[in-house]
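Architecture and fold: a report
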Number of protein chains: 2
Amino acid sequence: MERHFQEELQTLQERLLEMGGLAEERVRSAVAGLAGSDIPRLTTVSGGDEPINELHIEIDRRAFQLLALHQPMAVDLRAIVAALKINTDLERVGDLAVNVAEAARRYLMHPPVKQLLDIPRMGDIAQAMLRDALDAFVKRDLDLAQHVLDEDDSLDALKSQIFRELLAYMVRDQATVEPALDLILISRHLERIGDHATNIAEDVIFMVSARDVRHHADSLPPQA
Amino acid sequence: MERHFQEELQTLQERLLEMGGLAEERVRSAVAGLAGSDIPRLTTVSGGDEPINELHIEIDRRAFQLLALHQPMAVDLRAIVAALKINTDLERVGDLAVNVAEAARRYLMHPPVKQLLDIPRMGDIAQAMLRDALDAFVKRDLDLAQHVLDEDDSLDALKSQIFRELLAYMVRDQATVEPALDLILISRHLERIGDHATNIAEDVIFMVSARDVRHHADSLPPQA
């Protein structure tokens, strides 16, 4: 039974990584499609969330079965609940990649706004945060999870800077209103992808250490 | 033991409702603060997410303890996992209320954009969805949960309509760019609050019927 449980838990984690890989690839494609004015690539992102949605349901079902059949305790229990939460975050990342791709398609219908500013860089940071958060989950690596939390500040700073720059364009030149608005939305979607990576990192810290670092609550006693 | 478990589960649900009430009240205050140009009220929303954050941590801890100490099965297990997920959604609703309040404060620093369009109506719908989703959770009411899912379409339609109207203002009159942009962001925050209510309704349907209606997956077999 115990060996069976560990194998099932292993499979659960593998599926989650598979889903993470798909989510990350979709974010990459959406930003590359924008940077390369590649409409077919963006269309592929918009229409292709079926595999992520199927994994979303499968992972939830596997986690439920593990909880129901094996009554896990302590770190195993926390790992399964973390998997349930990470699953939700990755599904949202997939949705946000669709949002980026759709805003990018609208953006490409207008003359471009001078340049994409730091949006490709935001995409790189968001992807790296996602990859690091999932690596931290697999390796149960607290330092890497903490690194993800730190990276979120740079993403927020870039978003605010991009907002200010685009607002200046919009106020100066009406022709830029529509495309600049799409870039603002894209930078917000990328920031939210970073937020989901942050959620995952917080779940990893809780899973490994039973410390709840959300809302700076790290003085609370350990649980379960 | 069983009686103790049911009492603890009851307390968990009460805390969740308390949190739902706080989240709903914050959404109401943020939209009312915008409609009434009430800066002090908006400031209260921006600065006041401590009680929700504390409940967020407490509810997670209670849910973990129930899972660890009682090894619940079937509907009880699904209720606890639903509570964990709903907890995450409500915490995000609290954050989104802050986002609405902050965008509203920026908005009120400019001459107003003619009118608030259907934004107060979006606020009403989002609040009603949240209230109905939590009612459905308490009463285990599938019809009410389904009603919440249906309402989400009207919220999306309002968001798209508001976006088109504001874009038209922005393109016509540069002075409206900044305030209109804030209204666009507010309508998106309200739409996301509706998305969280939808998530809660989906969790209720799964809890009650073991049917996963996300991604139209209702043909899958029941679980756990």
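This structure is a prediction, so every number in the text was calculated from the model and none was measured.

Topic: the overall build of chain A
Secondary structure assignment for chain A yields 7 helices and 0 strands. When the helices and strands of chain A are placed in sequence order, the string is α-α-α-α-α-α-α. Relative to the globule expectation of 17 Å for 224 residues, the C-alpha radius of gyration of chain A, 19 Å, shows essentially globular dimensions. Out of the 224 residues belonging to chain A, those deemed buried represent 47%. Contacts spanning at least 24 positions in sequence make up 80% of the contacts within chain A whose residues lie at least 6 apart.

Some thoughts on the nonpolar core
Judged by nonpolar contacts, the single largest core of 138 residues is most densely connected at A:A133 and B:A133. Excluding its chain neighbours within four sequence positions, the residues that come into contact with B:A133 are B:A145, B:V148, B:A197, B:I200, B:A201 and B:V204.

Structural notes on the relation of the copies chain B and chain A
It takes a turn of 180 degrees to lay chain B on chain A, together with a shift of 0.0 Å along the axis; the resulting RMSD is 0.0 Å. Taken together, the rotation angle and the small translation identify this as a two-fold axis. Relative to the rotation axis, the C-alpha of B:Q71 is the closest in chain B, positioned 2.7 Å from it.

Here we look at the interface of chain B and chain A
Chain B puts 28 residues into the contact, and the matching count from chain A is 28 residues. Elements supplying a minimum of two residues to the side of chain B that touches chain A: helix 3 (50-70), helix 4 (74-107), helix 6 (142-172) and helix 7 (177-209) of chain B. Looking at the side of chain B that touches chain A, the element that brings in the most residues is helix 3 of chain B, giving 8 residues. Across the side of chain B that touches chain A, the residue classes tally to 15 nonpolar, 8 polar and 5 charged.

So, helix 5 (residues 119-139) of chain A
The first and last C-alpha atoms of helix 5 of chain A sit 30 Å apart over 21 residues, in line with the 30 Å expected at 1.5 Å per residue. One or two steps after helix 5 of chain A, the chain reaches A:R140, where phi turns positive at roughly 50 degrees.

Things to note about the confidence of the model for chain A
When pLDDT is averaged along chain A, the result is 92; 95% of the residues meet or exceed 70. The ipTM assigned to the predicted complex is 0.86, against a pTM of 0.90.

Points about the environment of B:L144
All names here are of chain B. Mapped onto the fold, L144 is located in helix 6. Among the residues examined, L144 registers 19 C-beta atoms within 10 Å and is labelled partly exposed. Distance in space between the C-alpha atoms of L144 and A201 is 8.3 Å, their sequence separation being 57 residues. For L144, the contacting residues outside a window of four places in its chain are D132, D135 and A136.

Digging into the packing of helix 2 (residues 39-47) of chain B against helix 4 of chain B
Residues and elements named next belong to chain B. Running from amino to carboxyl end, helix 2 crosses helix 4 at an angle of 145 degrees, the nearest separation of the two axes being 8 Å. For the element pair helix 2 and helix 4, the recorded crossing hand is left-handed. Note on element contacts: helix 4 touches helix 2 through A97, V98, A101, E102, A104 and R105, opposite I39, L42, V45 and S46.

Criteria and cut-off values
Residues numbered from 1 in each chain as written. Chains lettered and ligands numbered in written order. Predicted model: local features only at pLDDT ≥ 70, side-chain atom pairs only at ≥ 80, totals over all residues. Helix = DSSP H or I, 4+ residues; strand = E, 2+ residues; numbered from the N terminus. Rg over C-alpha atoms; globule rule 2.2 N^0.38 Å. Buried ≥ 20, exposed ≤ 12 C-beta atoms within 10 Å, placed from the backbone. Contact = placed C-beta atoms within 7 Å. Core = buried A, V, L, I, M, F, W, Y, C linked by C-beta atoms within 7 Å. Least-squares fit on C-alpha atoms with pLDDT ≥ 70 in both. Nonpolar A, V, L, I, M, F, W, Y, C, P; charged D, E, K, R; others polar. Expected span 1.5 Å × (residues − 1). pLDDT = per-residue confidence, 0-100. Axes fitted to C-alpha atoms, helices over the stretch in contact; angles between N-to-C directions. Left-handed = near helix turned anticlockwise from the far one by under 90°.

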